[in-house]
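Residue-level structural notes
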Amino acid sequence: MLRIYNTLTRRKEDFQTLEPNLVRMYVCGVTVYNDAHVGHAMSALVFDVIRRYLEYRGYKVRHVMNFTDVDDKIINRANQLKEDPFKLAQRYIDDYAQNLKDLNILPAAVNPRATQTMNEILSMVKGLIEKGYAYAATNGDVYFRVTKNKDYGKLSGRKLDDMQAGARIEIEEAKEHPMDFALWKAAKPGEPAWDSPWGKGRPGWHIECSAMNLKELGEQIDIHGGGNDLIFPHHENEIAQSESFTGKPFARYWIHNGLLQLGGEKMSKSLGNIVSIKDFLSQRNADVMRMLVLNGSYRAPLIFNEETLDAAEKNLDRLRSGLRLALPNVKGVPAGSASELTSQAQTTQQNFINAMDDDFNTPLALAAIHELIKAINTARDNGASDDQLRPAQATLRELTGVFGLQLQDKKGSGDADKFIDLLVEVRGEVRKQKLWPLSDLIRDKLKSLGVTLEDSKDGTTWRWG
RNA sequence: GGCGUCGUGGCCAAGUGGUAAGGCAAGGGUCUGCAAAACCCUCAUCACGGGUUCGAAUCCCGUCGACGCCUCCA
């Protein structure tokens, strides 16, 4: 039974979907006004792994991830660059889609955008006004009336009174209550704007997500996710809007990932301590970022630095070692040993599932995989044939695939392979004649070209990397 | 100031009542002509101080510290 930590209840709960075998999952995407950074990648990776695991467990997952493509920051940036705000947003949407692809993140079923959900947003704002949950203020904005929503604050565990006390908010005089938040913002001259019963304007930040949920997934969803910096106010406000509008509980499970830490602080656009996904991928393989995420609990902060990245890279090398072919010229091991390996594969698979069922405990699941690696490598050392290794390696591929790891061999140009084979063969003759200096020279030269040779008693293997 | 998360070996990180998973690094060994890889072995008593318990990293109280949110933020 899968159990998931629910931010709403602050407990792990059994996972029950609204509809059998179908998971409605909404994950907050990004506001597109700049290059996405590795912190965004972390969040996307966390939910990609969750999705892959749910699918592995037999669920059909309808995964929705939005783009916020109109807001203050986009408008400001566009003004700065003297670019059309819609074009700017489109540019960064395309970039982000490419980032996700490069990170081997499965595409969402839909990527709704605020600007393409305007009808739903408008009707939701209207509905909230009609029900008394919102009001059009004198300044042209429409605000949500937090005092009308009796359990406002339930997600973040705050009370309205507490929030008033310490909040450093410029109190907008048009608001009835300082914590009321904008559903609709009146447009200033020159800003992108849509017609509405309250004059020209654009949606507030939170309402778009409520509207997109309603449009793409319905009134109630199973999983709503995002970084834990979104808990308040964004997700709190989403709940307030959605539940006030529909009168039904909104999301069953609220899942929030911890934030990536760079130099002891979270990485964020406003702090300026950013490593973009693009820059990261120009230096390291996508699997490295993924391994970094898998190595820790998704809810805990993730330490991102050269040291942790190097360790992640080595960890990947280790996983790859399990996929190597049998040693040359082996005769195979007794059937008993081979079936032991197969049974280890089954044990590992079960341990993997048990770990992941416990709130997606990827570090523990990874440890299970390492057990299998060790068993495979031992079998290989003992002379197991490829046929004997294959079933366990298939399990290894299967489980690392659930993690979304690609574990591609480091590659040179494929055309070179047969020449390398030839060199290795010739070197074999050289070694028979015990011409060690020459043999070592060939090995060293190949190493500097990115080809690693490994000699064993019965022959030599080579690989890129 | 309020709310919340957390503090496990050199580094990253599981474990949340019965005497500390895993990865990286380090040291030793097997194998090898050498090397590499692989395999084997070694390496922590869980921030600190109290308390509960037969028994606590794991529960409670306090102290110190870190981080997040309260304002745009994955």
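Keep in mind that this is a model prediction, so the values were computed, not measured.

Procedures and definitions
Counting restarts for each chain, with residues numbered from 1 along the sequence as it is written. Both sets of labels track the order of writing: A upward for chains, 1 upward for ligands. Only residues with pLDDT of at least 70 are given local features in this predicted model, and only at 80 or more are side-chain atom pairs given and counted; all residues enter the totals for whole chains, interfaces and linings. Processing note: side-chain calculations cover all non-hydrogen atoms of the structure and skip hydrogens and water entirely. Think of a nonpolar core as a cluster: buried Ala, Val, Leu, Ile, Met, Phe, Trp, Tyr and Cys residues, connected wherever their side-chain atoms sit within 4.5 Å. For every residue, the accessible area (1.4 Å probe, protein chains only) is compared with the maximum for its type, and the residue is labelled buried under 20%, exposed over 50%, or partly exposed between those bounds. Secondary structure elements are defined from DSSP: runs of H or I of at least 4 residues count as helices, runs of E of at least 2 residues count as strands, and each element is numbered from the N terminus. Just so you know, the domain bounds were taken from an automatic or database domain assignment. Only heavy atoms matter for contacts: two residues are in contact if any of them lie within 4.5 Å across the pair. Cavities and pockets are found on a 1 Å grid laid over the protein atoms alone: a cavity is a set of points where a 1.4 Å probe fits but cannot escape, a pocket is an open set with protein on both sides within 12 Å along at least five of seven lines, and a lining residue has an atom within 4 Å of such a point. Grid points are joined across faces, edges and corners, and a volume is the space filled by probe spheres set on the points. Polar here means any residue outside two lists: the nonpolar Ala, Val, Leu, Ile, Met, Phe, Trp, Tyr, Cys and Pro, and the charged Asp, Glu, Lys and Arg; Gly therefore counts as polar. In this analysis, strands are considered paired if DSSP registers two or more bridges between them. Every angle, taken between N-to-C directions, lies between 0 and 180 degrees, and every axis is a line fitted to C-alpha atoms, over only the stretch in contact when it is a helix. Clockwise travel from the first strand over the helix to the second, with the strands pointing away from the viewer, marks a crossover as right-handed. Our angle categories are set so that under 35 degrees counts as roughly parallel, over 145 as roughly antiparallel, 65 to 115 as roughly perpendicular, and the remainder as oblique.

With that out of the way, let us pick up the nonpolar core. The nonpolar side chains of soluble globular proteins are, as a tendency, buried together. By size, the foremost hydrophobic cluster in this structure holds 83 residues, and its most contacted members are Met289, Phe352 and Phe403. A total of 11 residues in this core trace back to one element, the largest contributor, which is helix H1 (residues 38–56). Taken domain by domain, this core gets at least three of its residues from each of domain 1 (3–281) and domain 2 (304–402). When near neighbours in sequence (up to four residues on either side) are disregarded, Met289 contacts Val38, Ala41, Met42, Leu45, Leu103, Leu260, Phe280, Leu302 and Phe304. Of all hydrophobic cores here, the second largest spans 27 residues; its members include Val125, Met163, Trp198 and Phe245.

Picture a little ball the size of a water molecule; that probe, rolled over the atoms, points out where space is still empty. Scanning the model with the defined rule gives two cavities of 30 Å³ or more in all. What the largest cavity holds in volume is close to 70 Å³. What lines the largest cavity is simply Val46, Val49, Ile50, Val293, Leu294, Gly296, Tyr298, Phe360 and Thr362. Contributing elements (two or more residues each) for the lining of the largest cavity: H1 and helix H9 (286–294). With three residues, H1 is the single largest residue contributor to the lining of the largest cavity. Taken together, the residues of the lining of the largest cavity break down into seven nonpolar, two polar and no charged. Roughly 40 Å³ of internal volume is contained in the second largest cavity.

Read across the open sheet, the four strands follow the order S5-S6-S7-S8; overall the sheet is antiparallel. Looking along the sheet, the strands with just one partner apiece sit at the ends: strand S5 (134–136) and strand S8 (201–203). Across this sheet, the average inter-strand angle for adjacent strands is 20°, counted without regard to direction. Sheet topology places strand S6 (residues 142–144) next to strand S7 (residues 181–186); three bridges connect them, and they run antiparallel. Within S7, the position partnered with Val142 by the bridge is Trp184. Across the sheet, helix H4 (residues 118–130) is in contact with S5, S6, S7 and S8; its angle to S7 comes to roughly 120°.

With that settled, consider the pairing of strand S9 (residues 221–227). Of all seven residues in S9, seven are buried; the element is thus mostly enclosed. Here strand S3 (residues 22–31) runs beside S9; their pairing, made up of three bridges, is parallel. Of the residues in S9, the one forming a bridge with Tyr26 is His224. In this sheet, strand S10 (residues 251–257) lies alongside S9 in parallel orientation, the contact comprising six bridges. Pairing of Ile223 across the sheet is with Tyr253, part of S10. Chirality of the crossover, the property in question, places the unit of S9, helix H7 (residues 231–246) and S10 among those that are right-handed.

Here we take up the packing of H1 against helix H13 (residues 386–402). Relative to each other, H1 and H13 sit at 130°, their axes nearing to 8 Å. Considering the angle they form, H1 stands oblique to H13. Along the contact surface, H1 presents Val49, Arg52, Tyr53 and Tyr56, while H13 presents Glu398, Leu399, Gly401 and Val402.

It is worth spelling out the packing of helix H11 (residues 335–357) against helix H12 (residues 362–381) at this point. With their axes 7 Å apart at the nearest point, H11 and H12 run at an angle of 170° to one another. As judged from the angle between their axes, H11 and H12 are roughly antiparallel. Contacts between H11 and H12 pair Leu341, Gln344, Ala345, Thr348, Asn351, Phe352, Ala355 and Met356 from the former with Thr362, Leu364, Ala365, Ala368, Ile369, Glu371, Leu372, Ala375, Ile376 and Ala379 from the latter. Here the residues of the contact of H11 with H12 are counted per class, giving 13 nonpolar, four polar and one charged.

Note on placement: Asn6 falls in strand S1 (residues 3–6). For Asn6, the residues in contact, after removing those within four places along its chain, are Arg11, Glu13, Arg252, Tyr253 and Trp254.

On to H9, then. Of all nine residues making up H9, nine are buried, and the element is well covered by its neighbours. Within H9 the residues assigned to the buried category are Ala286, Asp287, Val288, Met289, Arg290, Met291, Leu292, Val293 and Leu294.

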